[in-house]
Amino acid sequence: MSFIPLEHKAAGHEGAMQSVDGSLFIKPVSKQELEFYTTMQAQMQNVDDEIELGSKLFHWVPIFYGTMSPGVSEELREKNPEVSKELQDSLDSQPDSGQQYLVLENLVYGFKNPSVIDIKLGNVLYDENATEDKVERMKKVSSSTTSGSLHYRICGMRIVDSGKSLTNFEGPDMKKAARKDHNHLVFDKNFGKGLTPNSVKDALLLFFRGNNLSPKRQEIVLENTIRRLQLLYNCLLDYEIRMVSASLLMIYENDEGRWEELDNQDILINEIEIDEDSSEEYLPRALSLLRLIDFAHTKYTPGKGNDESILTGVKNLLGVIQTL
Ligand code: ADP
Ligand code: MN
């Protein structure tokens, strides 16, 4: 299987990729993130069918498929030992040849023209593994951004360039802060770090309203986002966990044709499809979605209570999105 750089990326480091068909997302493995996903997967085995959709953490994270290292498949090795040896040698000579990758569901798969936003949750941005230097740095980032004041911060967003000027915006034109990329506007992490409790609201307004969707469709996205945040909040109340620097990833469809095709029927939360007919091509049918991502600094903390830092972020975000 071949991989290419991730097409619709909101934020984050280099190294995120997707499969050519778009269905899989891969990023370099970190031990802690792999641990999070394997623990979560073990928990999935022990639940009955009666669980309420949205009540478990695995309803809110990308599907985890496993890990992968670049290499030559068994199949090719058997069919064509010579070519396969040459390929393996060339792979081995690459600088990052030992790199393992986490294989996840690509959340933008199925969307024709997505807008994507990455919002980092919490006011504590370091864990006990951080160096003294990093602790200092992260404290500064928190106290000088909405991470500190609101417990959430926009890390980045990639939205359609609707050509609309949003008249209800106060202050300077936000779009000037964007980089143009084809028909999209890309806002980087410095944009998010520069936002205040006032202007972050405008940025969210730009994300949810600065598109060419009809008001009715914008309402559907907003209402479902609000409902999801409420369900996620309740779900997190059942977990004793610390999710340092995890993000919410929110995506919605801008392609009118796809809205029509699906008769404006968005899916609130995906049912987990447990391998029905794998011969049938599976295309997700959501018009918008919300997931938690990025668990490189997440760990379960039995006996230590909820992650208040994250919960407050979700609650504050919910509050502002309800005003949009
Ligand atoms: P990093 O450790 O670099 O911050 P993230 O896990 O936050 O890595 O991913 C970086 C970016 O990649 C996110 O901002 C998001 O746009 C995208 N991304 C992350 N996970 C997925 C996924 N499962 N499907 C699609 N896009 C994803
Ligand atoms: Mn991230």
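These figures come from a predicted structure and were not determined experimentally. (Residues numbered from 1 in each chain as written. Chains lettered and ligands numbered in written order. Predicted model: local features only at pLDDT ≥ 70, side-chain atom pairs only at ≥ 80, totals over all residues. Heavy atoms only, no water.)

S.K.: It is not clear to me how the sheet that holds strand β8 (residues 179-181) should be interpreted in this structure. Could you clarify?
M.R.: Think of a sheet as strands paired side by side through backbone hydrogen bonds, with each pair either parallel or antiparallel. A sheet is described by the order of its strands in space; here six strands give the open sequence β8-β9-β7-β6-β11-β12, paired in antiparallel fashion. Of all the strands in the sheet, the pair left with one neighbour each is β8 and β12 (288-293). For this sheet, the mean angle separating the axes of adjacent strands, direction not counted, is 20°. Pairing of strand β6 (residues 114-121) with strand β7 (residues 152-160) involves six bridges; the strand directions are antiparallel. Across the sheet, Lys120 pairs through a bridge with Arg153, a residue of β7. (Pairing = 2+ DSSP bridges. Helix = DSSP H or I, 4+ residues; strand = E, 2+ residues; numbered from the N terminus. Axes fitted to C-alpha atoms, helices over the stretch in contact; angles between N-to-C directions.)

S.K.: I would appreciate a short explanation of the pattern of salt bridges in the present structure.
M.R.: When the charged atoms of two side chains with opposite charge come close together, those side chains can pair. Tallying each qualifying case throughout the model produces twelve salt bridges. Between Lys27 and Asp294 there is a salt bridge; the shortest N-O distance is 3.5 Å. Of this pair, Lys27 sits in strand β3 (residues 24-28) while Asp294 sits in the loop between β12 and β13 (298-300), and the two are 267 residues apart along the sequence. Judged by its relative accessible area of 18%, Lys27 falls in the buried class. (Salt bridge = Lys/Arg side-chain N within 4 Å of Asp/Glu carboxyl O. Buried < 20%, exposed > 50% of the residue type's maximum accessible area, 1.4 Å probe, protein only.)

S.K.: I would appreciate a short explanation of the environment of Ser69 in the present structure.
M.R.: For Ser69, the position within the fold is in the loop between β4 (64-68) and α2 (74-79). When the C-alpha positions of Ser69 and Gly98 are compared, they lie 7.2 Å apart, and in sequence the two are 29 residues distant. Here Ser69 is in contact with Gln99 and Gln100, once residues within four sequence places are set aside. (Contact = heavy atoms within 4.5 Å.)

S.K.: What is the right way to read the sheet that holds strand β2 (residues 17-19) from this model?
M.R.: The strand order β1-β2-β3-β5-β4 describes an open sheet built from five strands, whose pairing is antiparallel. With partners counted over all chains shown, the strands left at the sheet margins are β1 (3-5) and β4, one partner each. Strand-to-strand twist in this sheet, taken as the mean axis angle between neighbours without regard to direction, amounts to 30°. Contacting β3, β4 and β5 (101-105), helix α1 (residues 31-45) runs over the sheet at an angle of about 140° to β4.

S.K.: Can you help me understand unusual backbone geometry in this one?
M.R.: Glycine aside, a negative phi is what most residues show, and trans is what most peptide bonds show. Positive phi is not limited to glycine here, since Asp263 has a value of about 55°. With respect to the secondary-structure elements, Asp263 resides in the loop between α9 (256-261) and β12.

S.K.: Sorry if this is basic, but what is going on with the nonpolar core here?
M.R.: Note that soluble globular proteins tend to have their nonpolar side chains buried in a common cluster. Residues Leu204, Leu292, Leu317 and Ile321 are the most contacted members of the largest nonpolar core, which totals 65 residues. By residue number, the principal contributor to this core is helix α8 (residues 215-236), which donates nine residues. Each of two domains, domain 1 (3-105) and domain 2 (114-321), supplies a minimum of three residues to this core. Not counting the four nearest positions on each side in its chain, Leu204 is found in contact with Ile117, Ile119, Tyr152, Ile154, Leu317, Val320 and Leu324. Within the second largest apolar cluster, nine residues are counted, among which are Leu107, Val108, Val116 and Ile251. (Core = buried A, V, L, I, M, F, W, Y, C linked by side-chain atoms within 4.5 Å. Domains from an automatic or database assignment.)

S.K.: Just to check I follow, could you spell out the domain arrangement of the protein chain for this structure?
M.R.: The accessible area lost on association of the parts is a frequent measure of interface size. According to the domain assignment, the protein chain contains domain 1 (3-105) and domain 2 (114-321). A straight line from the C-alpha centre of domain 1 to that of domain 2 covers 22 Å. Carbon and sulfur atoms supply 63% of the area buried between domain 1 and domain 2, which totals about 2500 Å² over both sides. Remark: the boundary between domain 1 and domain 2 carries one salt bridge. Our enumeration of links across domain 1 and domain 2 arrives at six residue pairs in polar contact (both at pLDDT 80 or more). A per-element tally of the side of domain 1 that touches domain 2 places α1 first, with eight residues. Residue classes in the side of domain 1 that touches domain 2 are distributed as twelve nonpolar, eight polar and five charged. (Buried area = accessible area lost by both parts, 1.4 Å probe. Polar contact = N/O pair within 3.5 Å; in protein donor to acceptor, adjacent residues only side chain to side chain. Nonpolar A, V, L, I, M, F, W, Y, C, P; charged D, E, K, R; others polar.)

S.K.: Explain α1 here, please?
M.R.: Because an α-helix packs 3.6 residues into every turn, residues spaced three or four apart end up facing the same way. In this model α1 runs 22 Å from its N-terminal to its C-terminal C-alpha over 15 residues, within 8% of the 21 Å that 1.5 Å per residue would give. Along α1, the positions that sit buried rather than exposed are Gln32, Glu33, Phe36, Tyr37 and Met40. In a view along the axis of α1, the buried residues occupy a sector of 135°, so they form one face of it. Exposed and oriented more than 90 degrees from the buried face of α1 are Lys31 and Gln45. Its buried side turned inward, α1 meets β3, β4, β5, β10 (241-243) and β13. (Expected span 1.5 Å × (residues − 1). Arc of directions from axis to C-beta.)

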